[in-house]
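Listed below, chain by chain, are the residues.
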Amino acid sequence: MILKKWEEAIGTLLSVSINEIETSLILQFSSGTLLTIPFSIDLKNRLNNSIGKRIGILHTDLEEKNYLIRIEDLKYARKKS
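Residues numbered from 1 in each chain as written. Predicted model: local features only at pLDDT ≥ 70, side-chain atom pairs only at ≥ 80, totals over all residues. Heavy atoms only, no water.

Description of a nonpolar patch on the surface
Rule in force here: Exposure above 30% relative accessible area and the absence of a salt bridge qualify a residue for a patch, where like charges join within 9 Å and nonpolar side chains (Val, Leu, Ile, Met, Phe, Trp, Tyr) within 5 Å. A 1.4 Å probe and the Shrake-Rupley method give the accessible areas. Residues count as covered only by the protein chains that appear here. Basic side-chain nitrogens of Lys or Arg form a salt bridge, by our definition, when they fall within 4 Å of a carboxyl oxygen of Asp or Glu. Helix numbering and strand numbering both begin at the N terminus, where a helix is a DSSP run of H or I of at least 4 residues and a strand a DSSP run of E of at least 2.
Among the surface-exposed residues, Trp 6, Leu 62 and Leu 68 lie close enough to one another that they form a single nonpolar patch of about 290 Å² accessible area. You can see Trp 6 is positioned in the segment before strand E1 (8–18).

Re the pattern of salt bridges
Heads up, the condition is: Each residue's exposure class comes from its accessible area (1.4 Å probe, protein chains only) as a fraction of the maximum for that residue type: buried when under 20%, exposed when over 50%, partly exposed otherwise.
As enumerated under the stated definition, the model contains three salt bridges in all. In this structure, Arg 54 and Glu 72 form a salt bridge, with 3.1 Å as the shortest nitrogen-oxygen distance. Residue Arg 54 is found in strand E4 (residues 54–59), and its partner Glu 72 is found in the loop between strand E5 (67–71) and helix H2 (74–80); the two are separated by 18 residues along the sequence. By relative accessible area, which is 31% here, Arg 54 ends up partly exposed. Put simply, Glu 72 and Arg 70 hold a salt bridge, and the shortest N to O gap is 3.7 Å. Under the relative-accessibility criterion, Glu 72 is labelled partly exposed at 27%. Overlapping salt bridges, with partners in common, bring together Glu 8, Arg 54, Arg 70 and Glu 72 in one network.

Some points on the nonpolar core
Here is the rule we go by: Throughout this description, the term nonpolar core refers to a set of buried Ala, Val, Leu, Ile, Met, Phe, Trp, Tyr and Cys residues connected via side-chain atoms within 4.5 Å. What makes two residues a contact is simply this: any of their non-hydrogen atoms within 4.5 Å.
With 15 residues, the main nonpolar core has Leu 27, Phe 29, Leu 35, Ile 37, Leu 47 and Ile 57 as its most contacted residues. Of all elements in the fold, only E1, strand E2 (24–29), strand E3 (34–38), helix H1 (41–48), E4 and E5 reach the threshold of two or more residues within this core. Leaving out residues up to four positions away in the same chain, Leu 35 has contacts with Met 1, Ile 2, Leu 3, Ala 9, Leu 25, Ile 26, Leu 27, Phe 29 and Ile 57.

Structural notes on the sheet that holds E5
Note the following rule: Should DSSP find at least two bridges between two strands, the strands are taken to pair. Interaxial angles span 0 to 180 degrees and are taken between N-to-C directions of axes, which are lines fitted to C-alpha atoms, for helices over the stretch in contact.
Read across the sheet, five strands follow the order E3-E2-E1-E4-E5 without closing on themselves; strand pairing throughout is antiparallel. Lying at the two open borders of the sheet, with one neighbouring strand each, are E3 and E5. Averaged over neighbouring strand pairs, the angle between their axes works out to 45 degrees when direction is ignored. For E2 and E3, the ladder comprises five bridges, and the chain directions are antiparallel.

Spelled out as structure tokens, the structure:
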């Protein structure tokens, strides 16, 4: 799956891998969704630190930040409901 501009993928991140030619990151979510995004060492590091967490990744049209990542705080979400 490749996100279109302003499309978001949400779910629990299971793994982050790099394709053979190191041009893309492949994200696997608990739903079985595989998401492909352009390789960035910053994104790779942030995503590796988010494995096992529920995240949202949004594809933007911003030059400096093509992809925004948000990590849900499940403790806060449970308290709120």
